[in-house]
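If you want the building blocks of each chain, they are given just below.
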Amino acid sequence: MPQNVFDARETHNRILDGFSARPERAVLNWLTPRVPKSISPNHLTALGVFGAVCVCIGAALTNISTGFLYLAIAGLFLNWLGDSLDGTVARFRKIERPRYGFFVDHVSDVASQILIVLGLGLSPYLQFPVILVTLVAYLAITIYSLVKLHVSRTMQLSYFGVGPTEIRILVGAGMVATLFVEPIPVSTQLGDLTVFDFAAIGVSVFALGCAVVMFVKDAQEISRLDPVRGKGSASEVSMITLESGGPSARQS
């Protein structure tokens, strides 16, 4: 295989240090051995996507009744459960399929992100253009994480304490709050915006800001590890590992 092509069989570091990472890990460690053997990681991945579909449908149907928020909240929980458990169960049972699992998991994640965001945009609580900007920002972070994995063998899943689970908590808290308090629109130059629109704008700014800050930081580290080499150089840095204890490079 060419050295510049990512080999999913290779081990890589996973950076998941969100605010909820420790209690989430404790919950997953308790749940994992209790998952019935008849339920495979593929079933859990499908459950996560099904949860995203429920969020999309439930949020969109809130135009008819606020009661459909219960469906959206349940879907958000199922999305977290399936997405968080599929890889954990595979590792626990020692049945990992690195290439297949990586492919299916990340394509499913992107599909789920799009479904959830579209559902929120179709609800009466968020302006559709605002939520589309949030989707672009979230996908930008996703793309950055995958590019970083390609060159550094480091999969960054959270940024400055915020990862997918923290975003789900934020969305879920907004849904629960809406069950009790109707958001009041505020007139702005961008139109009538609710507190959820302002939250979505804040998430977008945060995500894009994280991408810029991390790009500058990672580019400096990778540039130091992968310097310009003269013609005829016998060594080539094929993959760089950025570790918490300091980066290292593998020569080939």
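All of the points below concern the structure found in this document. (Residues numbered from 1 in each chain as written. Predicted model: local features only at pLDDT ≥ 70, side-chain atom pairs only at ≥ 80, totals over all residues. Heavy atoms only, no water.)

## As for the environment of valine 212
Formally: Secondary structure elements follow DSSP: runs of H or I of four or more residues count as helices, runs of E of two or more count as strands, with numbering from the N terminus.
Residue position: valine 212 is located in helix α7 (residues 195-225). Note: C-alpha distance between valine 212 and tyrosine 144 (68 residues apart in sequence) is 9.7 Å.

## Some thoughts on the nonpolar core
Using the following cut-off: Nine residue types can take part in a nonpolar core, namely buried Ala, Val, Leu, Ile, Met, Phe, Trp, Tyr and Cys, and a core is a set of them joined through side-chain atoms within 4.5 Å. Working definition: with a 1.4 Å probe on protein chains only, accessible area under 20% of the residue-type maximum means buried, over 50% means exposed, and in between means partly exposed. In this description, contact between two residues means that some pair of their heavy atoms is separated by no more than 4.5 Å.
Judged by nonpolar contacts, the single largest core of 18 residues is most densely connected at Val55, Ile116, Leu120, Leu126, Ile131, Met175 and Ala200. Every element with two or more residues in this core is listed here: α2 (41-60), α3 (69-93), α4 (98-122), α5 (128-152) and α7. Ignoring anything within four residues of it in the chain, the contact list for leucine 120 reads Ala59, Leu126, Ile131, Val171 and Met175. Counting 8 residues, the second-largest nonpolar core is a separate cluster that includes Ala137, Ala207, Ala211 and Met214.

## Quick look at the side chain of glutamine 113
Take glutamine 113: it is sitting in helix α4. You can call glutamine 113 buried: its relative accessible area is 14%. Aside from chain neighbours lying at most four places away, what touches glutamine 113 is Leu135, Tyr138, Leu139 and Thr142.

## Thoughts on the packing of α3 against α4
Selection rule: With axes taken as lines fitted to C-alpha atoms, and helix axes fitted only over the stretch in contact, angles between N-to-C directions fall between 0 and 180 degrees. By definition in this entry, angles of less than 35 degrees are roughly parallel, angles greater than 145 are roughly antiparallel, angles of 65 to 115 are roughly perpendicular, and the rest are oblique. Crossing handedness is defined as follows: a turn of the near helix away from the far one that is anticlockwise and smaller than a right angle gives a left-handed crossing, while the clockwise case is right-handed. Gly falls in the polar group here, along with every residue not listed as nonpolar (Ala, Val, Leu, Ile, Met, Phe, Trp, Tyr, Cys, Pro) or charged (Asp, Glu, Lys, Arg).
Where α3 contacts α4, the two axes come as close as 11 Å, and the packing angle between them is 165 degrees. Classified by the angle between their axes, α3 and α4 sit roughly antiparallel to one another. Judged by the twist between their axes, the crossing of α3 over α4 is left-handed. For the pair α3 and α4, contact is made by Leu76, Asn79, Asp83 and Asp86 and by Asp105, Asp109, Ser112 and Ile116, respectively. Residue classes in the contact of α3 with α4 are distributed as 2 nonpolar, 2 polar and 4 charged.

## Some words on the side chain of threonine 165
When you line up the elements, threonine 165 lands in helix α6 (residues 164-180). Accessibility expressed as a relative area gives 13% for threonine 165, which makes it buried. If near-sequence neighbours (up to four positions away) are discounted, threonine 165 is found in contact with Ser20, Glu24 and Trp80.

## Considering the pattern of salt bridges
Using the following cut-off: Salt bridge criterion: a side-chain nitrogen from Lys or Arg within 4 Å of a carboxyl oxygen from Asp or Glu.
Across all of its chains, the model carries 3 salt bridges by this definition. Linking aspartate 83 and arginine 168 is a salt bridge whose minimum nitrogen-to-oxygen distance equals 2.9 Å. Separated by 85 residues along the polypeptide, aspartate 83 in helix α3 and arginine 168 in helix α6 bring together distant segments of the chain. Lysine 217 is the partner of glutamate 221 in a salt bridge, and the nearest nitrogen-oxygen pair spans 3.1 Å. Here glutamate 221 and its partner lysine 217 are both found in helix α7, 4 residues apart, which amounts to about one turn of the helix. Residue class for lysine 217 comes out partly exposed when judged on its relative accessible area of 40%.

## Description of the packing of aromatic side chains
Each aromatic ring pair is summarised here by two numbers: the centre-to-centre distance and the angle between the ring planes. Here is the rule: For Phe, Tyr and Trp, where Trp contributes only its six-membered ring, two rings pair if their centres lie within 6.5 Å, and the inter-plane angle classes them as stacked under 30 degrees, edge-to-face over 60, or tilted in between. Look at NZ for Lys and CZ for Arg. If either is within 6 Å of the ring centre and within 35 degrees of the ring normal, a charge sits over the ring.
The tally for this structure, following the rule as stated, stands at 3 aromatic pairs. With a centroid separation of 5.8 Å and 40 degrees between ring planes, the pair formed by phenylalanine 77 and tryptophan 80 is classed as tilted. Here phenylalanine 77 and its partner tryptophan 80 are both found in helix α3, 3 residues apart, which amounts to about one turn of the helix. Residue classification places phenylalanine 77 among the partly exposed residues on the basis of a relative accessible area of 47%. Centre to centre, the rings of tyrosine 125 and phenylalanine 196 are 6.5 Å apart; their planes meet at 75 degrees, and the pair counts as edge-to-face. Of this pair, tyrosine 125 sits in the loop between α4 and α5 while phenylalanine 196 sits in helix α7, and the two are 71 residues apart along the sequence. As far as the burial class goes, tyrosine 125 and phenylalanine 196 line up, both buried. The residue whose ring lies beneath arginine 97 is tyrosine 100, and the NZ or CZ to ring-centre distance is 4.1 Å.

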